[in-house]
Amino acid sequence: DAKTTQPTSMDCAEGRAANLPCNHSTISGNEYVYWYRQIHSQGPQYIIHGLKNNETNEMASLIITEDRKSSTLILPHATLRDTAVYYCIVRAGNSGYALNFGKGTSLLVTP
Amino acid sequence: KAGVTQTPRYLIKTRGQQVTLSCSPISGHRSVSWYQQTPGQGLQFLFEYFSETQRNKGNFPGRFSGRQFSNSRSEMNVSTLELGDSALYLCASSLVGSHNEQFFGPGTRLTVL
């Protein structure tokens, strides 16, 4: 699996967009970018995934650069309940379910 | 649809004992994965089961084992507990072909004294 690099922590004001970056410069052609988050004392929660096109769902948007070496998860209107650790994971889509979560980014949404 | 359930939620054991944790996946999900989460090492993959067969295994000693039953329910066992086994043990289930979208349970908090 390609290695990912994320900032250790970020702050965001409530109601503003939260933009969480992830570098994955060694990503290979068959690897997808997945995002999960873990709210304190809960199990991780799947957010979104993508290969090369930008993706959007009810929770977030995923922007992947054209060279696929980095991506950004966007929470368009952050709320206090979005305070969590966000994990960017790169993995081939057909390689089973063993996810390498890394350290993630601790996002604090403030009032 | 009910989510992933794990029992027990909290457990206290002493060194040298063994422990069995249980996980019931979401109905229809046939893949079950287990993870260990500690403050120092973060979330680490233990193993994954599909159709009663272990498909992947993480880098953990043989004291950690698991199994899956025909109804997809899974158990993991840790023998000869050590203090370092104190952790949150998380179970996740997946629908085959769901592209790595895993649904996690609330976890079992194991404390080894």
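1. A closer look at the overall build of chain A
A count of helices and strands for chain A gives zero helices and nine strands. Ordered by position in the sequence, the α and β elements of chain A form the string β-β-β-β-β-β-β-β-β. Rg of the C-alpha trace for chain A: 13 Å, near the compact-globule value of 13 Å for 111 residues, within the 12% margin. Considered along the principal axes of its C-alpha atoms, chain A spans approximately 40 × 30 × 25 Å. Within the span of chain A, comprising 111 residues, buried residues form 45% of the whole. Put simply, of all contacts in chain A between residues at least 6 apart along the chain, 57% involve residues at least 24 apart. With the model as given, the accessible surface of chain A reaches about 5600 Å², and the carbon-plus-sulfur share is 49%.

2. Points about the sheet that holds strand β8 (residues 74–78) of chain B
Residues and elements named next belong to chain B. Read from one edge to the other, the open sheet built from four strands follows the order β1-β3-β8-β7, with strand pairing classed as antiparallel. The sheet is open, and its two edges are formed by β1 (5–7) and β7 (64–68), each paired on a single side. The mean angle between the axes of side-by-side strands here comes to 20°, regardless of whether they run parallel or antiparallel.

3. With respect to the packing of aromatic side chains
Taken as a whole, this structure holds eleven aromatic pairs over all chains when the rule is applied. Centre to centre, the rings of Y36 of chain A and F101 of chain A are 5.7 Å apart; their planes meet at 70°, and the pair counts as edge-to-face. Residue Y36 of chain A is located in strand β3 (residues 31–38), and its partner F101 of chain A is located in the loop between β8 (84–92) and β9 (105–110); the two are separated by 65 residues in the primary sequence. The same class applies to Y36 of chain A and to F101 of chain A, which are both buried. Ring centres 5.2 Å apart and planes at 65° place the aromatic pair F60 of chain B and F64 of chain B in the edge-to-face group. Looking at F64 of chain B, the relative accessible area reads 4%, which means it is buried. An aromatic cluster is defined as three or more aromatic residues linked by ring pairs; in this entry it consists of Y36, Y46, Y87 and F101 of chain A together with Y35, F45 and F104 of chain B.

Calculation rules
Residues numbered from 1 in each chain as written. Chains lettered and ligands numbered in written order. Predicted model: local features only at pLDDT ≥ 70, side-chain atom pairs only at ≥ 80, totals over all residues. Heavy atoms only, no water. Helix = DSSP H or I, 4+ residues; strand = E, 2+ residues; numbered from the N terminus. Rg over C-alpha atoms; globule rule 2.2 N^0.38 Å. Buried < 20%, exposed > 50% of the residue type's maximum accessible area, 1.4 Å probe, protein only. Contact = heavy atoms within 4.5 Å. Areas by Shrake-Rupley, 256 points an atom, 1.4 Å probe, with all protein chains shown as cover. Pairing = 2+ DSSP bridges. Axes fitted to C-alpha atoms, helices over the stretch in contact; angles between N-to-C directions. Phe/Tyr/Trp six-rings, centres within 6.5 Å; stacked < 30°, edge-to-face > 60°.

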